Amino acid sequence: MDLSIALPKGRLMDNTMKYLKEAGIDLDLKKNRELVQSVDGNKVVLSKPSDVPVYVEHGIDIGIAGSDVLEERKSDVFVPIELDFGRCRLSVAVPEEKDVSVEDFEGYTIATEYPNLTSEYFEEMNISIKIVGLDGSVEVAPRISIADAIVDIVETGRTLKANDLVEIEKIMDVSALFMVNRISQKVRFEEINELVEKLKEV
Ligand code: PRP
């Protein structure tokens with residue numbers, strides 16, 4: 001293979017490497033800070049998960065990241081397989097002392113890393129809200145009174161609990177996705193298809 005591959009740094013990384021290895025792609029990455037590495041003829045790009053769909057849309061052949069970031073970024077990529085890891089959910093949470101439901105959110109300020117998905121969700125319910133866009137640790141926002149609620153990823157629920165927040169509504173289920181650049185899917189069809197078939201067997 002000589003593909004360019006965007007891989008997500010952070011919590012999806014271990015499962016991604018394990019999964020690729022089981023499909024016969026054992027990428028021996030250097031553990032330095034080199035973000036673009038040549039491995040067995042492939043170009044591996046170590047990306048922020050939320051940038052993986054953007055890289056794949058703009059020319060990287062394949063990538064793995066969560067469905068949350070693809071939906072938020074709205075990148076135009078081909079998704080041949082949903083993967084069996086990275087399962088979590090995008091949810092609305094509020095401080096535990098607040099006894100409210102999402103229907104009561106008119107005029108609320110919501111902190112999130114997902115401004116598009118959050119706006120769309122509340123627009124659909126006809127509830128007007130304000131958004132504070134943050135780049136991580138959004139659980140802090142209600143505790144320092146810069147937001148009334150948050151929209152964030154929940155996996156085990158431990159982060160919410162540790163920050164005195166409770167989940168009141170799920171917006172969407174999330175899992176890792178295998179993404180393919182639309183042009184690569186056409187011009188390198190056989191190679192990519194062979195890889196997809198191997199991945200499906202894992
Ligand atoms: C994610 C998410 C929550 C946490 C949820 O953060 O934003 O903070 O994981 O997981 P839990 O329900 O198992 O506690 P991550 O650690 O990926 O970093 P981030 O805050 O930079 O998004």
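J.: Please provide a residue-by-residue account of helix α8 (residues 189-201), values included.
T.: Across its 13 residues, α8 extends 18 Å between first and last C-alpha, which sits within 8% of the 18 Å expected from 1.5 Å per residue. Every buried residue of α8 is accounted for by I192, L195, V196 and L199. All buried residues of α8 lie within an arc of 100 degrees about the axis, which places them on one face of the element. Away from its buried face, by an angle of more than 90 degrees, α8 presents the exposed residues E190, E194 and E201. Tucked inside the fold, the buried residues of α8 contact α1 (13-22), β4 (62-66), β5 (78-82), β11 (176-180) and α7 (182-187).

J.: An account of the sheet that holds β5 is needed here, citing residue identities and associated values.
T.: Taken in spatial order, the six strands line up as β2-β3-β1-β4-β11-β5 in an open sheet, and their pairing is mixed. Each of the sheet's edge strands pairs with one partner strand only, and the pair in question is β2 (36-39) and β5. Strand-to-strand twist of the sheet, defined as the mean angle between neighbouring strand axes without regard to direction, takes the value 25 degrees. Of the strand pairs in this sheet, strand β1 (residues 4-8) and strand β3 (residues 42-47) are connected by five bridges, and their pairing is parallel.

J.: Describe α1, and please don't skip the residues or the numbers.
T.: Regarding α1, the residues found buried are M13, T16, Y19 and L20. Along the long axis of α1, the arc covered by the buried residues comes to 130 degrees, so they all point the same way. What points out from α1, more than 90 degrees from its buried face, is the exposed set D14, K18, K21 and E22. Next to the buried residues of α1 lie β1, β3, β4, β5 and α8. Of the residues flanking the end of α1, it is G24, one or two places downstream, whose phi is positive at about 90 degrees.

J.: Could you give an account of the site of the ligand, with specific residues and numbers?
T.: Close to the ligand lie 13 residues, the nearest being E139, E155, T156, G157 and T159. E139 is positioned such that a nitrogen or oxygen atom in its side chain is 2.7 Å from an oxygen atom of the ligand. The separation between an oxygen atom of the ligand and a polar side-chain atom of T159 is 2.4 Å. For the shell around the ligand, the secondary structure elements donating two or more residues are β9 (149-154) and α6 (158-162). Considering each element in turn, the shell around the ligand owes the most residues, three residues, to β9.

J.: Tell me what's going on with the side chain of T16, and back it up with residues and numbers.
T.: Considering the arrangement of structural elements, one finds T16 in helix α1. In this structure, T16 is in contact with L7, P8, I64 and F85, ignoring residues within four places of it in sequence.

The rules behind the values
- Residues numbered from 1 in each chain as written.
- Predicted model: local features only at pLDDT ≥ 70, side-chain atom pairs only at ≥ 80, totals over all residues.
- Heavy atoms only, no water.
- Helix = DSSP H or I, 4+ residues; strand = E, 2+ residues; numbered from the N terminus.
- Expected span 1.5 Å × (residues − 1).
- Buried < 20%, exposed > 50% of the residue type's maximum accessible area, 1.4 Å probe, protein only.
- Arc of directions from axis to C-beta.
- Contact = heavy atoms within 4.5 Å.
- Pairing = 2+ DSSP bridges.
- Axes fitted to C-alpha atoms, helices over the stretch in contact; angles between N-to-C directions.
- Near = heavy atom within 4 Å.
- Polar contact = N/O pair within 3.5 Å; in protein donor to acceptor, adjacent residues only side chain to side chain.

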